[in-house]
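# Secondary and tertiary structure notes
Letter by letter, the chains look like this.
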Amino acid sequence: PWLSALGPGYPERALRLARQLDPTLRLTLNDYGVEADTPHAEVKRQRLLRVVRGLVQRGAPLDAVGIQAHLQMRDPFRPEPFIAFLRALRELGLAVLVTELDVREPDALAPSLAERDAAVAEYAGRFLAAAIEGGVRSVLTWGLTDRDSWLVKEPAVARGDGAATRGLPYDEALQPKPLRAALARALGGG
């Protein structure tokens, strides 16, 4: 709707207006679906990089790019292309943030909760290590506990087998899971 209403220059227009209204804002362009090692994610990374380069070249007030990181374990993840993408953003003088980290499990991940939690933590840990290596210094999760996760409450993204998704750092009883430890390790907290 924004493209239809305002034309193709609407992101730049929005950034300039925001900066004008409040020069203290940290203006961030946030996007999703750029993490995986899939052809679709590669195309999206290149398109996002092209948009961001254009904004920077035109002097648009852009401070950062946010990576939503709704990770999908069914998709392969390879650090190298993701790190190269993050470094390309950093070379433009931008900060890069992870803004909505959570992990979507496939229905047939593992038979036990302990094995599922370990697999989620391992996948997210590889992503986080790559993100940090690529220059990310801020990581936010999209919630803290599985009890309140959109991955449980939203039918379109819930597991098809009826099991509750375990894609956040704390379980339904607010107990820390291996994902919490993976976050702490990635961020230097041991």
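These remarks concern the structure in this document.

The rules behind the values
The residue count restarts for each chain, going from 1 along the sequence in the order it is written. In view of the model being predicted, local features appear only for residues whose pLDDT reaches at least 70, and side-chain atom pairs are presented and counted only at 80 or more, with totals across whole chains, interfaces and linings using the full set of residues. In computing side-chain values, all of the structure's heavy atoms are included and hydrogens and water are not. Stacked, tilted and edge-to-face are the three classes applied to pairs of Phe, Tyr and Trp rings, where Trp contributes its six-membered ring and a pair requires centres within 6.5 Å; stacked means planes under 30 degrees apart, edge-to-face means over 60, and tilted covers the rest. Per the convention used, a helix needs a DSSP run of H or I reaching at least four residues, while a strand needs a run of E reaching at least two, with both numbered from the N terminus. Note on classification: 1.4 Å probe, protein chains only; a residue is buried when its accessible area is under 20% of the maximum for its type, exposed when over 50%, partly exposed between these limits. Whether a charge lies above a ring is judged from NZ of Lys or CZ of Arg, which has to be within 6 Å of the ring centre and within 35 degrees of the ring normal. The pairing criterion is simple: DSSP has to find at least two bridges between the two strands. When the strands point away from the viewer, a crossover counts as right-handed if the route from the first strand across the helix to the second turns clockwise.

Inspection of the entire model under this criterion finds three aromatic pairs. Between Phe77 and Phe127 the ring centres are 5.9 Å apart and the planes differ by 70 degrees, which places this aromatic pair in the edge-to-face class. Residue Phe77 is located in the loop between strand E3 (70-72) and helix H4 (79-91), and its partner Phe127 is located in helix H5 (residues 113-133); the two are separated by 50 residues in the primary sequence. Neither Phe77 nor Phe127 differs from the other in exposure class; each is buried. It is Lys44 that lies over the ring of Tyr32; its NZ or CZ is 3.5 Å from the centre.

With that settled, consider the pairing of strand E2 (residues 64-67). Side chains of E2 alternate between two faces, with Ala64 and Gly66 and Val65 and Ile67 buried alike. Alignment of strand E1 (residues 28-31) against E2, held across four bridges, turns out to be parallel. For Leu29, the partnering residue across the bridge sits in E2 and is Val65. Handedness of the crossover joining E1 and E2 through helix H3 (residues 39-57) is recorded here as right-handed. Pairing geometry for E2 and strand E4 (residues 95-104), over four bridges, is parallel. Along E4, the bridge assignment pairs Ile67 with Val98.

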